[in-house]
Amino acid sequence: MSVIIISLIILTIVYFIYIYNTLIRLRTMVNEAWSGIDVQLQKRHDLIPAIVKVVQGYASHEKNLFESITKLRSQGIAADNVKEQEAAEVGLSKALGSLFVVVENYPELKANQNFLELQQELSMVENDLQRARRYYNGSVRNYNILIEQFPSMFVARAANHTQKEFFDIQNETERAMPVVNL
């Protein structure tokens, strides 16, 4: 009888150690994934002044838009958590969209080789950012599932593991159902 009890105690301890180590591994993956997003956001933030400078040379009367982009870029750089970063990046994406609408009014700017290279580089960074965001959100999903599942939730609570927030910088307009007029 005592052998069974000792075996159950040992099994329980091994299980708790396994779950604890899994939580640590998943939390590390979430942190590493956020680092990937941070790298891509830094690349994006570094490109924006160059793009604004080129566009300013052609459309200097769009001062409010340039100031808005600069302000939103600063907010993105200064963000302290996922929600602040998300809010800043959504605003920045909208402002960049407006900037590219302005560019449409200047054919000579659209033909400018420097601008085209910056636009292509920004497009590549946006694609890399999207991949990093998917990896981060997948890591957060796996971590959060383990924290919520029974019986691993008891180990997570005992070790003070809390859920992480997802990161989504898509515009609301991208999610809206397109309206088709026939």
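About the cut-offs
- Residues numbered from 1 in each chain as written.
- Predicted model: local features only at pLDDT ≥ 70, side-chain atom pairs only at ≥ 80, totals over all residues.
- Heavy atoms only, no water.
- Helix = DSSP H or I, 4+ residues; strand = E, 2+ residues; numbered from the N terminus.
- Buried < 20%, exposed > 50% of the residue type's maximum accessible area, 1.4 Å probe, protein only.
- Contact = heavy atoms within 4.5 Å.
- pLDDT = per-residue confidence, 0-100.
- Expected span 1.5 Å × (residues − 1).
- Arc of directions from axis to C-beta.

Visitor: I'd love a proper account of the side chain of Asn137, names of residues and values included.
Guide: Position of Asn137 among the secondary structure elements: in helix α5 (residues 113–148). By relative accessible area, which is 18% here, Asn137 ends up buried. The contacts of Asn137, once residues within four sequence positions are left out, are Phe166 and Phe167.

Visitor: Tell me what's going on with the confidence of the model for the protein, and back it up with residues and numbers.
Guide: On average, the protein scores 87 in pLDDT, and the residues at 70 or more come to 93%. This model gives residues 173–182 a pLDDT under 50, and the stretch forms 2 contacts once residues within four places in sequence are excluded.

Visitor: Could you give me a rundown of helix α2 (residues 63–78), with the residues and numbers involved?
Guide: For α2, built from 16 residues, the straight-helix expectation of 22 Å at 1.5 Å per residue is met to within 8% by its first-to-last C-alpha distance of 23 Å. Inspection of α2 places Leu65, Phe66, Ile69, Leu72, Arg73 and Gly76 among the buried residues, and these make up the whole buried set. The buried residues of α2 occupy one face: seen down the axis, they fall within an arc of 130°. Exposed positions of α2 whose direction lies more than 90 degrees from the buried face are Lys63, Asn64, Lys71 and Ala78.

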